[in-house]
Amino acid sequence: MSKNSEIIEDFKKSLSSTIKSIGKKEDIEINFVKENPSIIGNTINLTEPKIENFKNNLEYLRAEADSFALEFRLHSKDIHQNFLNQDELSNQIINVLEQARVEAIGSNEFKGIQKNLKNKYIRDLKIGNTKKDQNLLIKAFKNVAFEEIVGVDLGENNISFKNIVKEKLKKDYSNFFKDLKKCLNDQEKYTSTIVEKLDELGLLNNSVNNTHNEDINQNDEDQDNENENNDEQKNDEQTESNIEMQTSETTVEQSVSLEENDDMGEESGDNELDYLPDKKILENLENYKVFDYNFDEIINAEELCDIKELEKLRRSLDQQVFSFQPLIVKIANRLQRKLLAQQNRHWDFNMEEGFLDTSRLAKIIANPNNKLSYKIEKEVEFKDTIVSLLIDNSGSMRGRPITVAALCSDILAKTLERCLIKSEILGFTTKAWKGGNSREKWIKNGKPSNPGRLNDLRHIIYKSADSPWRRSKKNLGLLLKEGILKENVDGEALSWAYNRLSFRKEKRKILIVISDGAPVDDSTLSVNPGNYLEKNLRDIIGEIEKKDEIELIAIGIGHDVSRYYSKAVTIMDVDQLGEVLLNQLSATFHLDN
């Protein structure tokens, strides 16, 4: 792994640990994304750090993380949901005022958090706003509420927003924020105060969405319904309609691009939970470059295809591997039996106390001088484990290879779930052939030499570690969709998968890569050294294997991956994949074949 990747990785780990500490929740999952930051369920999506201007944006990234962590710690979705209604404008005002509440409490507790958030608000204000009046009203409430409730001065750039809010609240301006400050620690009373004022202003649609919670509860009760497809669709609709505070806010106000210049300074602040990397190593960066990160994406499989098409593709997947499925299921069942057996309890014999060992009674009867023997039941430590599958989604995998890889991954995930072992299934490809938007921008910029990686990456999450197999199984049908499989930049994909695993709290982490060739991206290789992507892959593998925190296994389909990975196996017939995959796991868990 290159120095710049290592810096980013360390920063992400620190950021993730801090979020869990502030949020007081160990089950928070943190992802880093190219698109807008958001909270979905127990997952926080943060802006992906970019090494090119990393130092100038550390406080901004920290403030973004602080705000989300405080929401997990101090915000009740159930209480919040009871006050939402059918009107988008009033809901968004409620959202940003609730955000101000949790940020105010956090700022009072941690002065470092207050400094980070203040600088973020000031930076956003300096960039300016050209959006419609309705969105200006929402942003006005957001900025003014932070200034008034936290008790900080955001400067002259906030004056225009103050005037907007004062025009709405008129003579009640001061009393409104005073009343909110009095009930900061009582979310229900706080939100009720907001709703009353919005009602007075005529900004509230009185059709409070009480039926929404009933629908959610009903969906939870129906999860075991025999009709899985209808049940899963209800849960998808629930996710879309469940308006969460931070997600709605980022819909209104797009995340500030980290490409913007920043003169907020580079101080680390006095946050008690400081998580800055050592700035000295920021000067020692290696030469693997990316021309433009802005066109990359990390995306859930269901976002690339509508539900009906996804279900159709899943049925097609099952039909294509019908003859292959019985064998792999048989092998999977054998793995399951062995894993469960390894987790069973065992006995320690010849103990001084415990349960009487009746198998030794005959010896005592034969010779009364023999002492009674006891046994104690013990739990065999079976480390909490997660398995991540990273599948090459390049065009050369099209047809039988990708179909078999999808089915094997699917059955493996189901098998591991039965054994209480979490798993995730990831894929990597590019958004376009021969460069896409990155190459177009490079051409417009005069084709500078040695631009680095010159294509738009697409990293796909088919199944996240905390998602049940039943809800994710249809996603693997996406692999059969025409046009999904393109080129492959293995090094960055491996780094991404490694980073995801490194945030997990499981004691044992296993990463299995399935690939059918070396990294290939014509756009990148045509304007960089011929071994550019391959060298990056070797560097990243070397760093992962050196750290020895995650067990890395590679399976090559018709391609010798042992020249890259120290623990690797090559198969020439794709139908061997299922058996090899499960046998590799058996060996990893030290199970006898």
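Conventions we followed
- Residues numbered from 1 in each chain as written.
- Predicted model: local features only at pLDDT ≥ 70, side-chain atom pairs only at ≥ 80, totals over all residues.
- Heavy atoms only, no water.
- Helix = DSSP H or I, 4+ residues; strand = E, 2+ residues; numbered from the N terminus.
- Buried < 20%, exposed > 50% of the residue type's maximum accessible area, 1.4 Å probe, protein only.
- Contact = heavy atoms within 4.5 Å.
- Pairing = 2+ DSSP bridges.
- Right-handed = clockwise from strand over helix to strand, strands pointing away.
- Axes fitted to C-alpha atoms, helices over the stretch in contact; angles between N-to-C directions.
- Salt bridge = Lys/Arg side-chain N within 4 Å of Asp/Glu carboxyl O.
- Parallel < 35°, antiparallel > 145°, perpendicular 65-115°, else oblique.
- Left-handed = near helix turned anticlockwise from the far one by under 90°.

Chemist: What is the right way to look at the overall build of the protein in this model?
Modeler: Secondary structure summary: the protein contains 22 helices and 13 strands in total. Counting every position in the protein, which comprises 593 residues, the buried fraction comes to 53%. For the protein, long-range pairs separated by at least 24 residues make up 76% of all intrachain contacts whose partners lie at least 6 apart in sequence.

Chemist: Looking at this structure, I do not really get the pairing of strand 9 (residues 422–430). What am I missing?
Modeler: For a regular strand, the rule is simple: side chains alternate between the two faces of the sheet. Most of strand 9 is tucked away: eight of the nine residues are buried. Sheet topology places strand 8 (residues 385–392) next to strand 9; seven bridges connect them, and they run parallel. Note that in strand 9 the partner of Ile386 across the bridge is Lys422. Where the polypeptide runs from strand 8 across helix 16 (residues 400–418) and back to strand 9, its parallel neighbour, the crossover connection is right-handed. Pairing between strand 9 and strand 10 (residues 457–463): six bridges, direction antiparallel. Along strand 10, the bridge assignment pairs Phe428 with His459.

Chemist: How do you make sense of the environment of Lys197 when you look at a structure like this?
Modeler: Looking at the secondary structure, you find Lys197 in helix 9 (residues 187–200). Taking the C-alpha atoms as reference points, Lys197 and Leu169, 28 residues apart in sequence, are found 8.4 Å from one another. Look past the residues within four positions of Lys197 in its chain and what remains in contact with it is Leu169, Asp172 and Phe176.

Chemist: For this particular structure, what's the right way to read the sheet that holds strand 8?
Modeler: Two orientations exist for strands paired in a sheet by backbone hydrogen bonds: parallel and antiparallel. Pairing in this open sheet of seven strands is mixed, and the strands run 4-10-9-8-11-12-13 from one edge to the other. Edge positions in the sheet fall to strand 4 (297–300) and strand 13 (568–571), since each has one partner strand and no second. With strand direction ignored, the average angle separating the axes of adjacent strands in the sheet is 20°. Both strand 11 (residues 508–515) and strand 12 (residues 551–557) contribute to a ladder of six bridges, which runs parallel. Bridging from a neighbouring strand, Ser515 pairs with Gly556 of strand 12. Each of strand 4, strand 8, strand 9, strand 10, strand 11 and strand 12 is contacted by helix 19 (residues 490–502), which is oriented at about 160° to strand 11, the strand it contacts most. In the packing of helix 22 (residues 577–588) onto the sheet, contacts are made with strand 8, strand 11, strand 12 and strand 13, and the angle to strand 12 comes to roughly 160°.

Chemist: When you look at the pattern of salt bridges in this model, what are you seeing that I'm missing?
Modeler: Two side chains with opposite charge may pair up if their charged atoms get near one another. Summed over all chains, the structure comprises 23 salt bridges. For the salt bridge of Lys120 with Asp124, the shortest nitrogen-to-oxygen distance reads 3.5 Å. Taken together, the residues Lys120 and Asp124, both in helix 5 (residues 111–127) and four residues apart, mark about one turn of the helix. Each member of the pair, Lys120 as well as Asp124, is classed as buried. In this structure, the salt-bridge partner of Glu147 is Lys162, at a minimum N-O distance of 2.9 Å. Of this pair, Glu147 sits in helix 6 (residues 133–150) while Lys162 sits in helix 7 (residues 159–169); the two residues are 15 residues apart in sequence, bridging distant segments of the chain. Since its relative accessible area comes to 24%, Lys162 is described here as partly exposed. One network of salt bridges, with partners in common, ties together Lys422, Asp466, Arg504 and Glu506.

Chemist: How do you make sense of the sheet that holds strand 1 (residues 29–33) when you look at a structure like this?
Modeler: What the three strands build is an open sheet, ordered 1-3-2; its pairing is mixed. At either end of the open sheet lies a strand with only one pairing partner, and these are strand 1 and strand 2 (38–40). Strand-to-strand twist in this sheet, taken as the mean axis angle between neighbours without regard to direction, amounts to 25°. Where strand 2 meets strand 3 (residues 43–47), three bridges bridge the pair, whose relative direction is antiparallel. Looking at strand 3, one finds that Ile39 is bridged to Ile44. Running over the sheet, helix 2 (residues 58–74) touches strand 2 and strand 3 and is turned about 165° from strand 3.

Chemist: So what exactly am I meant to see when it comes to the packing of helix 19 against helix 21 (residues 532–547) here?
Modeler: Packed helices, taken two at a time, are described by the angle their axes make and the gap between the axes. At a closest axis distance of 7 Å, the pairing of helix 19 and helix 21 adopts a crossing angle of 25°. As summarised for this structure, helix 19 and helix 21 are arranged roughly parallel, according to the angle between their axes. The hand of the helix 19/helix 21 crossing is left-handed. On the side of helix 19, the interface is formed by Asp490, Gly491, Glu492, Leu494, Ser495 and Tyr498, while helix 21 contributes Asn536, Leu537, Ile540, Ile541, Ile544 and Lys547.

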